[in-house]
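Overview (structure and organization)
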Amino acid sequence: ELDPITRERAVKNLLFIAEDTRDPASAVSAIELIRDLSPEESMTTRMIFETVFGSPDRAVAIAKTLIQRSSSMRNMSDRHAALFNGAMALFRGGDFRGSVFAFEEAYNVAERMKLWSGCVVTASTLSEIHWYEDNLDKAKEWYEKAGADLRRSRFPDRGATYYGVG
């Protein structure tokens, strides 16, 4: 049997596939695979499920809890992931201000770590959100930050996000 962390990661991937293929039945089957995990062990995965297939209100509530708890996370990569994923759930749940705040925090964490790929994806997402909100100056500012961060990266694995916005 797989350990809880590996199972949760696998279920996240199954949820991404279910979203891409628009298959809610597969998402429900996938989330059942972690039914025995505690809410803390499965918080991010349950938030993703609720964001895409379940209740946006539950997704926003989980996202707010995850973002709040992120400040106590010692591992900065985990903190960035919690902030980024929580911000995405807030955005998809309609909380523009909350999502921008959390994305900006995620960017700051990635920048402190010199995790340039994290900066690229976060800044590109902020650019896109500001563009949706018709705040073109902010959209341009974040797009330019994403480009600068992409040039810093030795592994430009998040370049597609940047180029998708431009």
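What counts and what doesn't
- Residues numbered from 1 in each chain as written.
- Predicted model: local features only at pLDDT ≥ 70, side-chain atom pairs only at ≥ 80, totals over all residues.
- Heavy atoms only, no water.
- 1 Å grid on protein atoms, 1.4 Å probe; cavity = no way out; pocket = protein on both sides within 12 Å on 5 of 7 lines; lining within 4 Å.
- Points joined across faces, edges and corners; volume = space filled by probe spheres on them.
- Helix = DSSP H or I, 4+ residues; strand = E, 2+ residues; numbered from the N terminus.
- Nonpolar A, V, L, I, M, F, W, Y, C, P; charged D, E, K, R; others polar.
- Contact = heavy atoms within 4.5 Å.
- Polar contact = N/O pair within 3.5 Å; in protein donor to acceptor, adjacent residues only side chain to side chain.
- Expected span 1.5 Å × (residues − 1).
- Buried < 20%, exposed > 50% of the residue type's maximum accessible area, 1.4 Å probe, protein only.
- Arc of directions from axis to C-beta.
- Patch = residues over 30% accessible without salt bridge, like charges linked within 9 Å, V, L, I, M, F, W, Y side chains within 5 Å.
- Areas by Shrake-Rupley, 256 points an atom, 1.4 Å probe, with all protein chains shown as cover.
- Salt bridge = Lys/Arg side-chain N within 4 Å of Asp/Glu carboxyl O.
- Core = buried A, V, L, I, M, F, W, Y, C linked by side-chain atoms within 4.5 Å.

**Here's the deal with the layout of surface pockets**
Space inside the largest pocket adds up to approximately 940 Å³. Every residue lining the largest pocket is counted, 30 residues in all, and those nearest its centre are Lys12, Thr44, Asp78, Ala81 and Ala82. Contributions of two or more residues to the lining of the largest pocket are made by helix H1 (4-21), helix H3 (43-52), helix H4 (56-70), helix H5 (76-92) and helix H7 (116-132). At eight residues, the largest contribution of residues to the lining of the largest pocket is made by H5. Per-class residue counts for the lining of the largest pocket are eleven nonpolar, ten polar and nine charged. Of the pockets and cavities examined, the second largest pocket occupies roughly 180 Å³. Going through the elements one at a time, H1, H3 and H5 are the ones with two or more residues in the lining of the second largest pocket. Ranked by the residues each element gives to the lining of the second largest pocket, the list is headed by H5, at five residues. Grouping the constituent residues of the lining of the second largest pocket by class yields seven nonpolar, two polar and two charged.

**A few points about the environment of Thr125**
Assignment of secondary structure puts Thr125 in helix H7. It is 13 Å that separates the C-alpha atoms of Thr125 and Asp149, two residues lying 24 residues apart in sequence. Dropping the residues within four chain positions of it, Thr125 is found in contact with Phe84, Met88, Phe103 and Thr161. From its side chain, Thr125 meets the backbone oxygen of Val121 in a polar contact 2.7 Å long.

**Description of helix H8 (residues 136-152)**
If you check H8, its first and last C-alpha atoms are 24 Å apart, about what 17 residues at 1.5 Å a residue would give, namely 24 Å. Every buried residue of H8 is accounted for by Ala139, Trp142, Ala146, Gly147, Asp149 and Leu150. The buried side chains of H8 occupy one side of the element, clustering within an arc of 165° when seen end-on. Those residues of H8 that are exposed and aimed more than 90 degrees away from the buried face are Asp137, Lys140 and Arg151. Residues of H8 that are buried sit in contact with helix H6 (96-113), H7 and helix H9 (159-165).

**Some remarks on a nonpolar patch on the surface**
A contiguous nonpolar surface patch, about 270 Å² in accessible area, is contributed by Leu14, Ile17 and Leu33. Position of Leu33 relative to the elements: it lies in the loop between helix H2 (24-32) and H3. For Leu33, a relative accessible area of 46% corresponds to the partly exposed category.

**A closer look at the nonpolar core**
Judged by nonpolar contacts, the single largest core of 31 residues is most densely connected at Met47 and Phe103. Those elements that place two or more of their residues in this core are H3, H4, H5, H6, H7 and H8. Aside from chain neighbours lying at most four places away, what touches Phe103 is Phe84, Ala87, Met88, Thr122, Thr125, Leu126 and Ile129. Core analysis: the second largest hydrophobic core is formed by ten residues, Ala27, Ala30, Ile31 and Leu37 among them.

**With respect to unusual backbone geometry**
The phi angle at Arg22 is positive, at roughly 55°, despite the residue not being glycine. By the secondary structure assignment, Arg22 is in the loop between H1 and H2. Unlike most non-glycine residues, Lys114 shows phi in positive territory, near 60°. For Lys114, the position within the fold is in the loop between H6 and H7. Overall, Lys114 belongs to the exposed group, its relative accessible area being 58%.

Don't take any of this as a statement about function, it's just geometry.
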